[in-house]
Amino acid sequence: MAINLQKGQRENIDAPKFTIGLGWDTNSSSTGSAFDLDASLFLLGDSKKIVSDDHFIFYNNLVSPDGAVEHTGDNLTGDGAGDDEQVKIDLSKIDAKVQEICVVVTIHEAESRRQNFGQVRNSFIRIFDSASNQEILKYELEEDFSIETAVEFGRIYKREGKWKFEAVGVGMKGGLQDYLNKYQ
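In this report, the structure presented in the accompanying data block is examined. (Residues numbered from 1 in each chain as written. Predicted model: local features only at pLDDT ≥ 70, side-chain atom pairs only at ≥ 80, totals over all residues. Heavy atoms only, no water.)

Here we take up the pairing of strand β12 (residues 162-172). Bridge count between strand β2 (residues 10-12) and β12: three bridges; the pairing is antiparallel. Counterpart to N12 in the pairing with β12 is K164. One ladder, built from nine bridges, connects strand β11 (residues 150-159) with β12; its direction is antiparallel. Looking across to β12, one finds that R155 is bridged to E166. Taking the residues that link successive antiparallel strands as the turn, the β11-β12 hairpin has two residues, and the phi of E160 there is positive, at about 50°. (Pairing = 2+ DSSP bridges. Helix = DSSP H or I, 4+ residues; strand = E, 2+ residues; numbered from the N terminus.)

On to the sheet that holds strand β1 (residues 3-5). Read across the open sheet, the six strands follow the order β1-β10-β9-β3-β7-β6; overall the sheet is mixed. Only two strands of the sheet have a single neighbouring strand rather than two, namely β1 and β6 (69-71). Pairwise comparison of adjacent strand axes, ignoring direction, gives a mean angle of 15° for this sheet. By the bridge criterion, six bridges tie strand β9 (residues 120-128) to strand β10 (residues 135-141) in an arrangement that is antiparallel. By the bridge assignment for β10, I127 is matched with L137. (Axes fitted to C-alpha atoms, helices over the stretch in contact; angles between N-to-C directions.)

This is the structure we're talking about:
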């Protein structure tokens, strides 16, 4: 049975290999333009900074140098039920310098398309066992992000040798470059 988290809640991740599923629905009729939401992961060291440029995982860099984090690819439409984008994680292979993985979703060209997360609904992040497909935990974002164009859905972090997940749900008015500036 999966654990449903609320914003700010934390839970242990007891599986070394799992998949992060991210999902959302958009209201493209409100802007006339199709939405393109993008999942990105920032693999951070002790200093809360990206370990290296190659530890920024997104649609143009799908796999971390150690092979522990693999983005399965960009979904340009978000159409359909279930996960819109997925990331496979193998914590047994992760670089020892990585202490945290921040999972962020941004709206591609949000400013020019006049789009924001207020037009996105049913957003979630879930973690499931890759082998059994059994859901371990899920966080459904229920906040109203009326001006935000980027949202940190959650983070996976290491404390006292154990990996944990925190349901973050914090938005930012800005884009991918703003998160890069934050973590570089």
